[in-house]
Amino acid sequence: MGSEKRIRLVKEYFVSTIGVLITALGVVIFLIPNNIAAGGASGLAIVLNRFIHLSVGVWMYVINIVLFLIAFILVGFDFSFKTIYCTFMFNFFIDFFDRIIPIYKYNGDMIIAVFFGDILTAIGMALTFSQNASTGGTDILAKIMNKFFGFPMGLGILVLDFSIGMSAGFAYDINTGMYSILAIIVNGTTIDFVLKGLELSINVWIVSEKYEEIKEFVLNGLNRGVTIFDATGGYTQKPRKVLFVTLKRRELHELVAKIREIDKEAFFVVNEAPMVFGNGFKEIV
């Protein structure tokens, strides 16, 4: 394994670990004390804890081990080591902060618990998802449903999470069930929002007489690739060069400032690119 690949792998595991840690803190501080079963293995564990008083962390060990065994038997070894690692690290952090070394737990207004619990868990899960990993749970059941019943993965996860949220209403009370369903909806929306912010890239189309200088800045100043297209001006009928550049959103201001410095007459168009795969962006796995 090359040094660059090793560094990338260490970074992925580090970011994933931070992600599951943040998620676990959201669950332990806000969701568990208020019995909010916001889907996943942690939500199912909160429901089961109502009937058999094992801690949520211990229930999660049982649930995840059983789910992985069933999945290996029915689906085959179809999970990356990173997903297995994140699943059990998530489990460990919840058990550690809930049972082994208990930390502060918020037991107050349910809306505040849902809001701040979802903010933390969504940020953490988005970080984990951004590294091509997940925390198992309902993802595993959804994979089984997809294989045997043709259920789309996204729909399968949604149905399972909502079922867990509704079961909290039967296990505790109707208000807890409704807050659990609200937490599932807010969590999914927040994860999408955070992931968009983490992964959003920008496509820039640039038309300039000084395209060579701009190209050099993109290649050497931003360390990004650039593609040059031959085009013809619709009005002037003159041949032109068009640069196509893909950047992270945070790099856009540098490019705009440089274009303004090189050629104030330049014309450029900026488009959002929600997902970009390839060198320098998201790895194709």
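So, here is what we can say about the structure in this document. Worth saying up front: this structure is predicted, and the values here are computed from it rather than measured.

**A look at the nonpolar core**
One broad trend across soluble globular proteins is that nonpolar side chains are buried collectively.
Point 1. Core analysis: the largest hydrophobic core is formed by 41 residues, its most contacted members being Ile32, Ile36, Val56, Met60, Phe90 and Ile94.
Point 2. If you list the elements that add at least two residues to this core, you get α1 (3-31), α2 (40-49), α3 (56-74), α4 (81-100), α5 (110-130), α6 (138-149), α7 (153-171) and α8 (174-199).
Point 3. Membership of the second largest hydrophobic core comes to 17 residues, among which are Phe217, Val245, Leu255 and Ala266.

**Some details on the sheet that holds strand β1 (residues 201-207)**
Point 1. With respect to topology, 4 strands assemble into an open sheet ordered β2-β3-β1-β4, the strand pairing being antiparallel. The outermost strands of the open sheet, each flanked by one partner alone, are β2 (226-232) and β4 (267-273). For this sheet, the mean inter-axis angle between neighbouring strands, taken without regard to orientation, is 20 degrees.
Point 2. Bridging between β1 and β4 involves 7 bridges; their strand directions are antiparallel. Among the inter-strand pairings, Asn203 is bridged to a residue of β4, identified as Asn271.
Point 3. Against the sheet, helix α9 (residues 211-221) touches β1, β2 and β3 (239-248), its axis set at about 20 degrees to β3.
Point 4. Against the sheet, helix α10 (residues 252-262) contacts β1, β3 and β4, and its axis sits at roughly 15 degrees relative to β1.

Rules of the game
- Residues numbered from 1 in each chain as written.
- Predicted model: local features only at pLDDT ≥ 70, side-chain atom pairs only at ≥ 80, totals over all residues.
- Heavy atoms only, no water.
- Core = buried A, V, L, I, M, F, W, Y, C linked by side-chain atoms within 4.5 Å.
- Buried < 20%, exposed > 50% of the residue type's maximum accessible area, 1.4 Å probe, protein only.
- Helix = DSSP H or I, 4+ residues; strand = E, 2+ residues; numbered from the N terminus.
- Pairing = 2+ DSSP bridges.
- Axes fitted to C-alpha atoms, helices over the stretch in contact; angles between N-to-C directions.
- Contact = heavy atoms within 4.5 Å.

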